[in-house]
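These are the residues of each chain, in order.
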Amino acid sequence: MREMTLSILKPDAVRRNITGAINSYFEKAGLSIVAQKRIKLPYEQAEAFYAVHKERPFFQSLCKSISSGPVVVQVLSGDGVIALNRKIMGATDPANADHGTIRKDFALSIEENSVHGSDSPENAAKEIQFFFSEIEIIP
């Protein structure tokens, strides 16, 4: 079944001009980019996006990091896209990521780890709606 998931190319990736290189990982794995835009996420919107982590000690730094510069938000589509995207991204901490994953190849640190991806179908639906309207998603 073709699923959709949200992917964010974070400020560290946009700043280093490696968004095309990262997107090639998705495309080589057979995923389709069905929506994409470059935005600057205000801090308040970052707080709303990451509200699920509000009680965690890293919440403020997470919001500060994602709102520190432009990001590329996109919707990926494909069979088993959520699990496949998480495999392609690699572990959150690049030191623990498998070779050949985005985070192992591009992340600067656990905080500047270049990409975000939804972790469940429920969160994917919420996260996609946070950034995109239906008419912006073109399968």
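Presented here is a report on the structure given in the accompanying data block. (Residues numbered from 1 in each chain as written. Predicted model: local features only at pLDDT ≥ 70, side-chain atom pairs only at ≥ 80, totals over all residues. Heavy atoms only, no water.)

**Comments concerning the pattern of salt bridges**
Spelled out, the test is: The salt bridge criterion pairs a side-chain nitrogen of Lys or Arg with a carboxyl oxygen of Asp or Glu, the two atoms within 4 Å. Only runs of H or I of at least four residues qualify as helices and only runs of E of at least two qualify as strands under DSSP, and these elements are numbered from the N terminus. Exposure classes here rest on a 1.4 Å probe applied to the protein chains alone. A residue is buried below 20% of its type maximum, exposed above 50%, and partly exposed in between.
Taken as a whole, this structure holds 3 salt bridges when the rule is applied. Between Glu136 and Lys37 there is a salt bridge whose closest N-O contact spans 3.1 Å. In this pair, Glu136 is assigned in the segment after helix 7 (121–131) and Lys37 in strand 2 (residues 32–40), connecting sequence segments 99 residues apart. Taking relative accessible area as the criterion, Glu136 reaches 32% and is therefore assigned partly exposed. In this structure Lys37 comes out as partly exposed when scored by relative accessible area, which is 25%.

**Examining the sheet that holds strand 1 (residues 2–9)**
Under the convention used in this document: Two strands pair if DSSP finds at least two bridges between them. To define axes, lines are fitted to C-alpha atoms, for helices over the stretch in contact only, and angles between the resulting N-to-C directions are given on a 0 to 180 degree scale. Residue contacts are defined here by distance: any two heavy atoms, one from each residue, within 4.5 Å place the two residues in contact.
Overall, antiparallel pairing links the 4 strands, which are arranged 2-3-1-4 in an open sheet. The open sheet has two edge strands with one neighbour each: strand 2 and strand 4 (115–117). Put simply, the sheet's adjacent strands are angled 20 degrees from each other on average, direction ignored. Pairing of strand 1 with strand 4 involves 3 bridges; the strand directions are antiparallel. From the neighbouring strand, Ser7 faces strand 4, where its bridge partner is Gly117. In this fold helix 7 packs onto strand 1, strand 2, strand 3 (70–79) and strand 4, with an angle of close to 55 degrees to the strand it touches most, strand 1.

**Focus on helix 5 (residues 81–89)**
Formally: Working definition: the arc comes from the directions between the helix axis and the C-beta atoms, pointing outward to the latter.
Taken together, the buried positions of helix 5 are Val81, Ile82, Asn85, Ile88 and Met89. The arc enclosing the buried residues of helix 5, seen along the axis, measures out at 130 degrees, which places them on a common side. Pointing more than 90 degrees away from the buried face of helix 5 are the exposed residues Ala83 and Lys87. Taken together, the buried residues of helix 5 touch strand 1, helix 2 (19–28), strand 3, helix 6 (102–106), strand 4 and helix 7. Looking at the residues trailing helix 5, positive phi occurs at Gly90, about 90 degrees.

These figures come from the coordinates and say nothing about function on their own.
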